[in-house]
Amino acid sequence: MEIGIDSFAAAFKGTGPNITDAEAMGQLLDRIEQADRVGLDIFGIGEHHRKEFLDSAPAVILAAAAARTKQIRLTSAVTVLSAADPVRVFQNAATLDLISNGRAEMVVGRGSFTESFPLFGFNLHDYDQLFSEKLELLIKILNNEHVHWTGKFRPALTGQGIYPRPIQNPLPVWLGVGGTPESFVRAGVLGLPLMVAIIGGETHRFRPLIDLYREAGKRAGHASEKLKVGLHSLGYVAETTEQAIEEYYPGYAETFTKIGRERGWPPVTRPAFDAVSGPKGAIIIGGPEEVAAKIMRHSEALGGISRVTFQMDNAKLPHEKIMKAIALLGEKVKPLLNRA
């Protein structure tokens, strides 16, 4: 099983010692180097267009990381394809693949925030159509150097060459999904590996959706080994479970209470957090042994997963604590998973 980190390049202000955006970006690159050094498999950078995140241009961050790392694979997490040009998305990823000597990937999705739509001139009423059309074009570009294509939201391509071409052929693309059954079926029909973002509730409740994905893929004629499932989870690891919860909960509660005000969710409470971080809950938090055991429980509940990525920088943790958590994931959690 692959294990890694996803980051939104958080730059929260007003909690603890403030740092500049430049300092926050430097710390993020240090974390990616740390993940590479301790043997993690993957590091992903999200895409947001909000004041508290610095990841509006993830390909640039990943390119900087590629120059400072040797083994770790580098991916978007996710590319908001609905509000992007698939030609440019491909060119950025292909360039990253060349810089990293074949270590680039993409996770493409619709994103959980909507700021990119008005920012780039798209209508939210076209939410589903935009993604379907742009995913179709991206897949065509992945498999063809010269592309003939016509759609509704972008000028037609009439055989133009799309360059550069990546080292990997094809460049790996995962489909990032939330809880919409149609998204799981789409990934199966296309034969794309699936990255499931589960940030609340109980993880095993996603099993019917993952079964839909695998059934759709099988009916479409895709080999079972092609239908990989990854899990993106909020999480954190410290020396002990008690320490992990004590360090993680305050920032988590503040962040998700704020997001809740935007989306109509109730404020975070400690009993609710205890439920979502418990044995069946979605948050993967604890000491190394508990974290490894919970990942294995999640894998069994979902019918087998190939990859799990941790999203830690939502909890406003100090840089040194995230660096320590990354070390524990590589040096303790990953060996436990390998032995299991």
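Calculation rules
- Residues numbered from 1 in each chain as written.
- Predicted model: local features only at pLDDT ≥ 70, side-chain atom pairs only at ≥ 80, totals over all residues.
- Heavy atoms only, no water.
- Helix = DSSP H or I, 4+ residues; strand = E, 2+ residues; numbered from the N terminus.
- Contact = heavy atoms within 4.5 Å.
- Core = buried A, V, L, I, M, F, W, Y, C linked by side-chain atoms within 4.5 Å.
- Buried < 20%, exposed > 50% of the residue type's maximum accessible area, 1.4 Å probe, protein only.
- Pairing = 2+ DSSP bridges.
- Axes fitted to C-alpha atoms, helices over the stretch in contact; angles between N-to-C directions.
- Parallel < 35°, antiparallel > 145°, perpendicular 65-115°, else oblique.
- Nonpolar A, V, L, I, M, F, W, Y, C, P; charged D, E, K, R; others polar.
- 1 Å grid on protein atoms, 1.4 Å probe; cavity = no way out; pocket = protein on both sides within 12 Å on 5 of 7 lines; lining within 4 Å.
- Points joined across faces, edges and corners; volume = space filled by probe spheres on them.
- Left-handed = near helix turned anticlockwise from the far one by under 90°.

1. Focus: the environment of V89
Here comes step 1: On the secondary structure map, V89 appears in helix α3 (residues 86-99).
Here comes step 2: Placed 22 residues apart in sequence, V89 and A67 show a C-alpha to C-alpha distance of 20 Å.
Here comes step 3: In contact with V89, other than residues within four places in its own chain, are T79, L81, A84, M106 and L138.

2. A word on the nonpolar core
Here comes step 1: Within the largest apolar cluster, 95 residues are counted, with the highest numbers of intra-cluster contacts made by Y248 and Y252.
Here comes step 2: Every residue in contact with Y252, bar those within four places of it in the chain, is listed here: L234, V268, F273, V276, I283, N314 and A315.

3. Focus: the pairing of strand β6 (residues 146-149)
Here comes step 1: Residues V147 and W149 of β6 are buried on one face, while the alternating residues H146 and H148, pointing to the opposite face, are not.
Here comes step 2: Where β6 meets strand β7 (residues 157-161), four bridges bridge the pair, whose relative direction is antiparallel. Directly across from H148, in β7, lies its bridge partner T158.

4. Notes on the packing of helix α2 (residues 58-66) against α3
Here comes step 1: Interaxial distance between α2 and α3 falls to 9 Å at its minimum, and their mutual angle equals 5°. Comparing their axes, α3 and α2 come out roughly parallel. Residues A59, L62, A63 and A66 of α2 lie in contact with α3, whose contacting residues are N92, L96 and I99.
Here comes step 2: Its residues assigned to classes, the contact of α2 with α3 shows six nonpolar, one polar and no charged.

5. Looking at the layout of surface pockets
Here comes step 1: By volume, the largest pocket is sized at about 900 Å³.
Here comes step 2: Lining the largest pocket are 47 residues, and of these F8, V78, G111, S112 and A197 lie nearest its centre.
Here comes step 3: No other element matches the four residues that helix α8 (residues 241-263) contributes to the lining of the largest pocket.
Here comes step 4: A class-by-class count of the residues in the lining of the largest pocket yields 21 nonpolar, 18 polar and eight charged.

6. Considering the pairing of strand β5 (residues 104-109)
Here comes step 1: Most of β5 is tucked away, with six of its six residues classed as buried.
Here comes step 2: Along β5, one buried face is formed by A104, M106 and V108 and the opposite face, lined by E105, V107 and G109, is buried too.
Here comes step 3: Pairing of strand β3 (residues 73-76) with β5 involves two bridges; the strand directions are parallel. Each bridged residue has a counterpart across the sheet, and for L74 the counterpart in β5 is A104.
Here comes step 4: Of the strand pairs in this sheet, strand β4 (residues 79-80) and β5 are connected by two bridges, and their pairing is parallel. Following the sheet pairing, T79 is matched in β5 by V108.
Here comes step 5: Pairing between β5 and strand β8 (residues 173-177): three bridges, direction parallel. Opposite M106, over in β8, you have V173 as the bridge partner.

7. Side note on the packing of α3 against helix α5 (residues 127-143)
Here comes step 1: For the pair α3 and α5, the least separation of the axes is 9 Å and the interaxial angle reads 45°. With respect to α5, the element α3 is oriented oblique. For the pair α3 and α5, the crossing hand works out as right-handed. Taking contact as the criterion, the partners of P86, V87, V89 and F90 in α3 are, on α5, K134, L137, L138, I141 and L142.

In short, shape yes, function no, at least from these values alone.
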